[in-house]
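Fold and geometry: a report
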Amino acid sequence: MDLGLFAQYTMNGLMLGMMYALVAVGFTLFFGVLDVIKFSHGDVLTVGSFTALATFVGLSALGLHSNWLALLAMLVVATLAMAFLGMLIARYLVMPLRSAPPLNTLLITLMLGTVLRECVRLFYPQGANPKPFPALLPRASVDIGEFNLRLDNVLMLSAGVLVIVGLQYLLNRTKLGLAIRAVAQDEETARTMGINFTGIVLITFALGSGLAAFAGVMNGLYYNEINFGIGLYLGVIGFAAAIIGGLGSIYGAILGGFLFAGLQTVGTVLLPFASAYKDVFAFAVVIAIMAWRPTGLIREKISERV
Amino acid sequence: MTALLEMDGVFTAYDKADVLQGVSLVVEAGRITCLLGSNGSGKSTLVRSILGLTPARAGRIVFNGDDITKLPTHKIIAAGIACIPEGRKVFPKLTVEENLRAGAYQESSDKVTQTRMAEIFETFPRLAERRAQLAGTMSGGEQAMVSIGRGLMCAPKLLLIDEPSLGLSPLFVKENFNIIREINARGITVLLVEQNVHQTLAISHYGFVLSKGRVATSGTPAELADRTEVREAYFG
């Protein structure tokens with residue numbers, strides 16, 4: 001393959017990987033503090049991207065025409081709104097089910113996901129149709145051989161890297177992060193250290209859901225289109241990525257996200273009929289990885305229980 | 001002598017079966033009070049009730065003049081109680097330093113936290129050498145030091161120590177009792193829960209014997225050593 005084309009595929013793969021990683025991190029955070037799978041995570045992303053779109057429509061109607069300001073407002077509104085939604089879900093759906101089998105939480109959040117998705121479809125104006133998402137980032141690009149390097153992609157990728165670095169800093173270098181990790185390792189002992197368990201759980205759900213909203217905006221900017229089903233698709237991929245990485249490990253989730261995007265890209269390049277079979281290929285490889293390493297690539301939480 | 005902790009007719013249940021059946025006891029300020037009793041007598045449940053991990057169903061627990069019976073755990077800790085849990089329970093994937101910092105979670109001043117950590121490192125030089133090591137990779141004795149240090153990081157008024165000798169080598173058990181005496185000498189009131197009768201009575205000022213969820217007897221170590229209830233509680 002030509003080097004330029006290779007660079008193009010790599011860039012696309014990195015963009016997808018970043019979005020998957022951001023979603024996967026949420027799954028792994030929730031599992032870390034509460035040992036639950038919150039299946040509505042992907043649909044929170046959908047609601048987040050539609051919230052961003054609605055914010056844009058609202059601002060345009062008010063006569064705001066600065067792309068940067070609009071984008072900033074969309075990010076802030078979507079992230080905060082989803083953080084709040086994540087907290088509500090944790091407080092009123094997930095935490096009350098703590099004494100029930102984990103399967104019940106999975107089922108309830110699966111149903112909640114459907115409710116959120118259907119609400120977007122039914123209540124957002126013409127929500128059943130794909131909606132155009134504004135291209136707010138500068139569209140400049142340079143051609144390096146066959147490789148078309150787009151500024152918007154570079155900006156999104158950099159923003160994603162910043163978010164992940166920020167998250168790492170938060171988890172590993174701050175008191176809040178220490179509390180989140182302590183709760184993830186031993187809830188009861190964490191409580192006897194004076195850590196407010198419920199508070200930490202709510203903050204963690206807010207954090208993960210805010211990251212999903214960020215990924216949702218990124219997805220909209222990348223494809224310039226959103227629909228009510230994107231979260232379901234990204235949720236399944238993010239969940240798979242979190243599992244391959246070894247549920248409970250942040251690094252694993254990030255690795256899993258990029259790995260999945262890499263597999264899709266390889267599938268696109270190697271298989272005939274172009275990209276139609278990329279998901280079949282990627283998920284087939286995930287199944288093979290799970291057969292080979294049933295607890296994921298980085299063993300964090302599950303291995304302790306065996 | 002003033003009472004720092006008072007339990008009055010405390011009933012605590014798991015799934016409706018009362019494990020504590022009306023426990024009343026007093027921990028006087030500045031002393032080492034021990035709680036003896038065989039397995040299943042309710043010692044751990046008593047500790048869990050004080051900490052609010054399994055809140056009492058009935059009765060009152062008063063700490064430093066305030067009713068803490070129904071408070072959530074983090075508020076009980078904020079009131080000035082710390083715990084060195086049974087089985088040490090260090091956070092395995094936090095470093096020694098992070099474990100200690102977790103112990104001082106409610107201390108808002110980083111300077112105070114640093115000072116206290118320096119004191120812990122002075123007491124346990126071994127921890128200073130290994131401050132960046134993950135606690136889960138350390139030996140049992142070293143983990144015990146982390147757990148003790150972590151319990152001291154919040155400068156508690158009352159320290160609950162649950163079965164500190166469990167699973168430790170005899171040499172370290174002896175060391176452990178010396179450390180507990182030293183902690184008390186610094187002015188921290190200690191409630192020591194132990195199975196090791198002789199060494200526990202040797203360092204305690206007063207003791208309670210728990211049997212089948214009730215206080216069977218209490219007294220000074222000299223009094224307790226002669227009581228048949230003590231022998232019965234363990235061997236009967």
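Reading the values: the criteria
Residues numbered from 1 in each chain as written. Chains lettered and ligands numbered in written order. Predicted model: local features only at pLDDT ≥ 70, side-chain atom pairs only at ≥ 80, totals over all residues. Helix = DSSP H or I, 4+ residues; strand = E, 2+ residues; numbered from the N terminus. Rg over C-alpha atoms; globule rule 2.2 N^0.38 Å. Buried ≥ 20, exposed ≤ 12 C-beta atoms within 10 Å, placed from the backbone. Contact = placed C-beta atoms within 7 Å. Pairing = 2+ DSSP bridges. Axes fitted to C-alpha atoms, helices over the stretch in contact; angles between N-to-C directions. Nonpolar A, V, L, I, M, F, W, Y, C, P; charged D, E, K, R; others polar. Domains from an automatic or database assignment. Parallel < 35°, antiparallel > 145°, perpendicular 65-115°, else oblique. Left-handed = near helix turned anticlockwise from the far one by under 90°. Core = buried A, V, L, I, M, F, W, Y, C linked by C-beta atoms within 7 Å.

Thoughts on the overall build of chain B
- When its secondary structure is counted, chain B shows ten helices and ten strands.
- Its C-alpha radius of gyration of 17 Å places chain B within 12% of the 18 Å reference for a compact globule of 236 residues.
- For the C-alpha atoms alone, the extent of chain B along its principal axes is close to 45 × 35 × 35 Å.
- Looking at chain B as a whole, 44% of its 236 residues are labelled buried.
- Long-range contacts, defined as pairs at least 24 residues apart, comprise 67% of the intrachain contacts of chain B with a sequence gap of at least 6.

Concerning the overall build of chain A
- Secondary structure assignment for chain A yields twelve helices and four strands.
- Taking 2.2 N^0.38 as the reference for a compact globule, 306 residues should give roughly 19 Å; the C-alpha atoms of chain A span a radius of gyration of 19 Å, in line with that estimate.
- In chain A, which comprises 306 residues, the share counted as buried stands at 45%.

As for the pairing of strand E9 (residues 206-211) of chain B
Residue and element names in this part refer to chain B.
- Counting buried positions along E9 gives five out of six residues, so the element sits mostly inside the fold.
- Relative to E9, strand E3 (residues 32-36) runs parallel, the two sharing four bridges. For Thr33, the partnering residue across the bridge sits in E9 and is Tyr206.
- Where E9 hands over to strand E10 (residues 214-219), the hairpin turn is made up of two residues, of which Lys212 adopts a positive phi near 50 degrees.

Thoughts on the sheet that holds strand E4 (residues 58-63) of chain B
Residue and element names in this part refer to chain B.
- Across the sheet, four strands lie side by side as E2-E1-E4-E5; this open sheet has antiparallel pairing. What marks the edges here is a single partner per strand, and that holds for strand E2 (17-28) and strand E5 (66-67).
- Here strand E1 (residues 3-14) pairs with E4 via five bridges, running antiparallel. Its bridge partner being in E4, Phe11 is matched across the sheet by Ala58.
- Here helix H1 (residues 43-51) sits on the sheet and contacts E1, E2 and E4; the angle it forms with E2, its principal contact strand, is near 70 degrees.

A short note on the sheet that holds E9 of chain B
All names here are of chain B.
- Spatially, the six strands line up as an open sheet ordered E6-E7-E8-E3-E9-E10, and their pairing is mixed. Lying at the two open borders of the sheet, with one neighbouring strand each, are strand E6 (81-84) and E10. Direction aside, neighbouring strands of the sheet carry axes that sit 20 degrees apart on average.
- Taken strand by strand, helix H6 (residues 140-152) contacts E6 and strand E7 (158-162), and its axis lies near 180 degrees from that of E6.

Quick word on the pairing of E10 of chain B
- Direction of pairing for E9 of chain B relative to E10 of chain B: antiparallel, over a ladder of five bridges. Looking across to E10 of chain B, one finds that Phe208 of chain B is bridged to Ser218 of chain B.

Quick word on the interface of chain B and chain A
- Listed by partner, the interface residues are 20 residues for chain B and 14 residues for chain A.
- Elements represented by at least two residues in the side of chain B that touches chain A include exactly helix H2 (73-78) and helix H3 (96-103) of chain B.
- The residue inventory of the side of chain B that touches chain A, partitioned by class, reads twelve nonpolar, four polar and four charged.

Some details on the domain arrangement of chain B
Residue and element names in this part refer to chain B.
- Examined at the domain level, chain B breaks down into domain 1 (3-80 + 156-235) and domain 2 (90-155).
- Listed by contribution, the elements that provide at least two residues to the side of domain 1 that touches domain 2 are H2 and helix H7 (170-185).
- Residue contributions to the side of domain 1 that touches domain 2 peak at four residues, all from H7.
- Among the residues forming the side of domain 1 that touches domain 2, the class breakdown is eight nonpolar, three polar and no charged.

Points about the packing of helix H2 (residues 41-61) of chain A against helix H3 (residues 67-94) of chain A
Residues and elements named next belong to chain A.
- Interhelical geometry of H2 versus H3 gives an angle of 140 degrees and a closest axis separation of 8 Å. As judged from the angle between their axes, H2 and H3 are oblique. Note that H2 runs across H3; the crossing there is right-handed. Along the contact surface, H2 presents Val44, Val47, Gly48, Thr51, Ala52, Thr55, Phe56 and Leu59, while H3 presents Ala70, Ala73, Met74, Val77, Ala78, Ala81, Met82, Leu85 and Gly86.
- For the contact of H2 with H3, the per-class residue count stands at 13 nonpolar, four polar and no charged.

Details of the nonpolar core
Residue and element names in this part refer to chain A.
- Tyr20, Ala182, Val183 and Ala241 are the most contacted members of the largest nonpolar core, which totals 148 residues.
- Among the elements that line this core, the one with the most residues is helix H1 (residues 3-34), at 16 residues.
- Here Val183 is in contact with Val33, Ala190, Ile195, Phe197 and Ile200, once residues within four sequence places are set aside.

Considerations on the environment of Thr45 of chain B
Residues and elements named next belong to chain B.
- Of note, Thr45 is situated in helix H1.
- Linking Thr45 and Thr200, residues 155 residues apart in sequence, is a C-alpha distance of 20 Å.
- If we ignore the near neighbours within four places in the chain, the residues touching Thr45 are Thr12, Val19, Leu20 and Thr54.

Notes on the environment of Leu93 of chain A
All names here are of chain A.
- Within the element layout of this structure, Leu93 appears in helix H3.
- For the pair Leu93 and Trp68, spaced 25 residues apart in the sequence, the C-alpha separation amounts to 36 Å.
- With sequence-adjacent residues up to four places away left out, Leu93 is seen in contact with Ile108, Thr109 and Leu112.

Some details on the packing of helix H10 (residues 250-270) of chain A against helix H11 (residues 278-292) of chain A
Residues and elements named next belong to chain A.
- At their nearest, the axes of H10 and H11 sit 8 Å apart, and the two run at 130 degrees to each other. Our classification of the angle between H10 and H11 gives oblique. Where H10 crosses over H11, the two elements pack in a sense that is right-handed. Contacts between H10 and H11 involve Phe260, Leu263, Gln264, Gly267 and Thr268 on the former and, on the latter, Lys278, Asp279, Phe281, Ala282, Val285 and Val286.
- In terms of residue class, the contact of H10 with H11 is built from six nonpolar, three polar and two charged.

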